[in-house]
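Structural characterization, general
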Amino acid sequence: LRLEATFAEVLGSPVGLAGSASVRLLPTPRIDWRDVTLTDAKTGATRLVAHVMEPPLALVPLLRGEVVPRAVVLDAPVASLDRADLVGVANRLRHLPTFDLRVRHGRLDLRLSSDRVESLEAVTTEITRGPTDLAIDLAARWRGETLDLDVTLPLDATARRWRLDP
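Residues numbered from 1 in each chain as written. Predicted model: local features only at pLDDT ≥ 70, side-chain atom pairs only at ≥ 80, totals over all residues. Heavy atoms only, no water.

1. Side note on the overall build of the chain
Of the regular secondary structure elements, the chain holds three helices and nine strands. N-terminal to C-terminal, the α/β element order of the chain is α-β-β-β-α-β-β-α-β-β-β-β. Relative to the globule expectation of 15 Å for 166 residues, the C-alpha radius of gyration of the chain, 16 Å, shows essentially globular dimensions. In terms of overall dimensions, the chain has a C-alpha envelope of 45 × 40 × 35 Å along the principal axes. (Helix = DSSP H or I, 4+ residues; strand = E, 2+ residues; numbered from the N terminus. Rg over C-alpha atoms; globule rule 2.2 N^0.38 Å.)

Next up, the structure:
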């Protein structure tokens, strides 16, 4: 499944994707997934749980019999990442083909050490990887404060100048 392959590429390891899915053609073609669980295929650890995942489908490939998501929309997801995972994810995003990820009302638990976890609550974000840039628009609550981040990173020759370190 292309979504599994994309998640595996972003996370840097094989994943399993489970939940109940149905395909809807009207008003726009999309897959409706309920009670979604994304697990690490090697360890079995849960990486993401979401109430709903809705990838709208590109119409022209669908008419050819291909299922190609135009975006992924996650409703009320809870994701868990180690600090190094987060940096790896950010660095791998710039190498993916064009995509659009939207998160509504989520939570990100970031494990900084074996005994320290920081959580971003009420996460609403849109991450878009276009042909020339990676745009991140994020709003969340962290330690009781509002966090608002809007950044665009180039993906052309200047992209070699930026990277995130753990």
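Continuing now.
2. Let's talk about the nonpolar core
Counting 34 residues, the largest nonpolar core has Leu17, Trp33, Leu38, Met53, Leu74, Leu93 and Leu134 as its most contacted members. Broken down by element, this core gets its largest block of residues, five residues, from helix H1 (residues 2-11). (Core = buried A, V, L, I, M, F, W, Y, C linked by side-chain atoms within 4.5 Å. Buried < 20%, exposed > 50% of the residue type's maximum accessible area, 1.4 Å probe, protein only.)

3. A short note on the side chain of arginine 47
Topologically, arginine 47 is positioned in strand E3 (residues 46-54). By relative accessible area, arginine 47 is classed as buried at 10%. At 3.4 Å, the side chain of arginine 47 and the side chain of aspartate 40 are in polar contact. If we ignore the near neighbours within four places in the chain, the residues touching arginine 47 are Leu11, Ser13, Leu38, Thr39, Asp40, Val78, Ala79, Ser80, Leu81 and Asp85. (Polar contact = N/O pair within 3.5 Å; in protein donor to acceptor, adjacent residues only side chain to side chain. Contact = heavy atoms within 4.5 Å.)

4. Considering the side chain of aspartate 109
Along the chain, the position of aspartate 109 falls in strand E6 (residues 99-113). Owing to a relative accessible area of 14%, aspartate 109 belongs among the buried residues under this scheme. In this structure the side chain of aspartate 109 is engaged in a polar contact, spanning 2.8 Å, whose partner is the side chain of arginine 107. Among the polar contacts listed, one links the side chain of aspartate 109 to the side chain of serine 119, at a separation of 2.6 Å. When residues no more than four places from it in sequence are discounted, the contact partners of aspartate 109 are Val78, Ala79, Ser80, Leu81, Val117, Glu118 and Ser119.

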